[in-house]
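# Chain and residue survey
This is what each chain is made of:
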Amino acid sequence: MKQSLLTILRNKKTSREDFRKAANKLCSLIASDAGSFLSEEKISVETPLQKGHGTKVVDNLILLPILRSGMVMLPAFLNLYETAKVGFMGIRRDEETALPHIYYENFPTISKNDTIFVLDPMIATGGSTIACLKKLEAYKATLSNIFVISLISSKPGVTLIKKTYPDVSLYSIAVDPSLNDKKFILPGLGDFGDRFFGT
Ligand code: URA
């Protein structure tokens, strides 16, 4: 299912309407997968008949969409993780150098037990992700509690992030082999934000 939706996103003939529909569905499936990264505690529960055992997801999640494409992932995650705190980080790629430039940040208070989902659909060079992880490190986030969640990442990007931050976990529907000279993922799907937002 996830690969079929991703194929719709990859297809250059997909209309904006269908791109949005497929992206929203895929983000819901990804949000559901990400539930397995959360810790649970054992609790007891009273059924109408008797006392039983159950679990409760520990409520310490921070969602951190990377503007602007990460905003596409946010509604699906908020729909499932209703009590999560949300931070924002604006990172723009310099068109000439492809280097990341942080232009906005607004983080909630981060404590060492918090789980953090960094939401960024496309991980190309890995530069933006590393810039974001550096900030989270400075805010004393626990690196092993951070999950970078994407739709497509590139092999070079994944290699660089893993080398720089081996304790951080990466989740991606596909890892594509390479980047072009403008640092777009190949085969990728083009510019995610442009195709979703139409700008
Ligand atoms: N961002 C995108 O939207 N697409 C890419 O291929 C790389 C970064």
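A short tour of the structure in this document, coming up. (Residues numbered from 1 in each chain as written. Predicted model: local features only at pLDDT ≥ 70, side-chain atom pairs only at ≥ 80, totals over all residues. Heavy atoms only, no water.)

## Concerning the site of the ligand
- Inspection of the region around the ligand gives Arg93, Met122, Ala124, Phe184, Ile185, Gly190, Asp191 and Phe192 as its neighbouring residues.
- In the environment of the ligand, a nitrogen atom lies 2.8 Å from a nitrogen or oxygen atom belonging to the backbone of Gly190.
- For the ligand, an oxygen atom lies 2.7 Å from a polar atom in the backbone of Phe192.
- Taken by itself the ligand offers 240 Å² of open surface, and the protein chains cover 89% of this.
- When the residues that make up the shell around the ligand are grouped by side-chain class, the tally is five nonpolar, one polar and two charged. (Near = heavy atom within 4 Å. Polar contact = N/O pair within 3.5 Å; in protein donor to acceptor, adjacent residues only side chain to side chain. Areas by Shrake-Rupley, 256 points an atom, 1.4 Å probe, with all protein chains shown as cover. Nonpolar A, V, L, I, M, F, W, Y, C, P; charged D, E, K, R; others polar.)

## Details of the packing of aromatic side chains
- Enumeration according to the criterion identifies eleven aromatic pairs in this entry.
- The interplanar angle of 5 degrees and the centroid separation of 4.5 Å between the aromatic rings of Phe37 and Phe147 together place this pair among those described as stacked. With Phe37 in the loop between α2 (16-34) and β1 (40-46) and Phe147 in strand β9 (residues 146-154), this pair connects stretches of sequence that are 110 residues apart.
- The exposure class assigned to Phe147 is buried, which follows from its relative accessible area of 11%.
- Measuring from ring centre to ring centre gives 6.1 Å for Phe37 and Tyr171, while their planes differ by 75 degrees; the resulting arrangement is edge-to-face. Here the residue Phe37 occupies a position in the loop between α2 and β1, and Tyr171 occupies one in strand β10 (residues 169-176), the gap between them amounting to 134 residues.
- Put simply, the rings of Phe37, Phe77, Tyr81, Phe117, Phe147 and Tyr171 touch in pairs and so form one group of aromatic residues.
- Over the ring of Phe196 we find Arg20; its NZ or CZ atom is 5.5 Å from the centre of that ring.
- Above the face of the Tyr103 ring, Arg92 is positioned so that its terminal group lies 4.3 Å from the ring centre. (Phe/Tyr/Trp six-rings, centres within 6.5 Å; stacked < 30°, edge-to-face > 60°. Helix = DSSP H or I, 4+ residues; strand = E, 2+ residues; numbered from the N terminus. Buried < 20%, exposed > 50% of the residue type's maximum accessible area, 1.4 Å probe, protein only. Lys NZ or Arg CZ within 6 Å of the ring centre and 35° of its normal.)

## Looking at the layout of surface pockets
- The volume enclosed by the largest pocket comes to roughly 850 Å³.
- Taken together, 34 residues line the largest pocket, and the ones lying closest to its centre are Ile91, Arg92, Arg93, Phe184 and Asp191.
- Elements supplying a minimum of two residues to the lining of the largest pocket: β3 (61-67), β5 (88-93), β6 (100-106), β8 (122-123), α4 (127-138) and α6 (192-197).
- Looking at the lining of the largest pocket, its residues break down into 13 nonpolar, nine polar and twelve charged. (1 Å grid on protein atoms, 1.4 Å probe; cavity = no way out; pocket = protein on both sides within 12 Å on 5 of 7 lines; lining within 4 Å. Points joined across faces, edges and corners; volume = space filled by probe spheres on them.)

## With respect to the packing of α4 against helix α5 (residues 155-164)
- The contact between α4 and α5 brings their axes to 9 Å, and the two run at 20 degrees. For the element pair α4 / α5, the angle class is roughly parallel. Relative to α5, α4 is oriented so that their crossing is right-handed. Contact residues: α4 offers Thr129, Ile130 and Leu133, while α5 offers Leu160, Ile161 and Thr164.
- In terms of residue class, the contact of α4 with α5 is built from four nonpolar, two polar and no charged. (Axes fitted to C-alpha atoms, helices over the stretch in contact; angles between N-to-C directions. Parallel < 35°, antiparallel > 145°, perpendicular 65-115°, else oblique. Left-handed = near helix turned anticlockwise from the far one by under 90°. Contact = heavy atoms within 4.5 Å.)

## A short note on the nonpolar core
- By size, the foremost hydrophobic cluster in this structure holds 36 residues, and its most contacted members are Leu9, Phe77, Tyr81, Phe117, Ile149 and Phe192.
- Going through the elements one at a time, α1 (2-10), α2, β3, α3 (74-80), β7 (115-119), β9, β10 and α6 are the ones with two or more residues in this core.
- Looking at which element gives the most residues to this core, the answer is α2, with eight residues.
- Excluding residues within four positions of it along the chain, Phe117 makes contact with Ala34, Phe37, Leu38, Leu61, Ile62, Leu63, Leu64, Phe77, Tyr81, Phe147 and Ile149.
- Core analysis: the second largest hydrophobic core is formed by 21 residues, Ile91, Cys132, Val148 and Ile161 among them. (Core = buried A, V, L, I, M, F, W, Y, C linked by side-chain atoms within 4.5 Å.)

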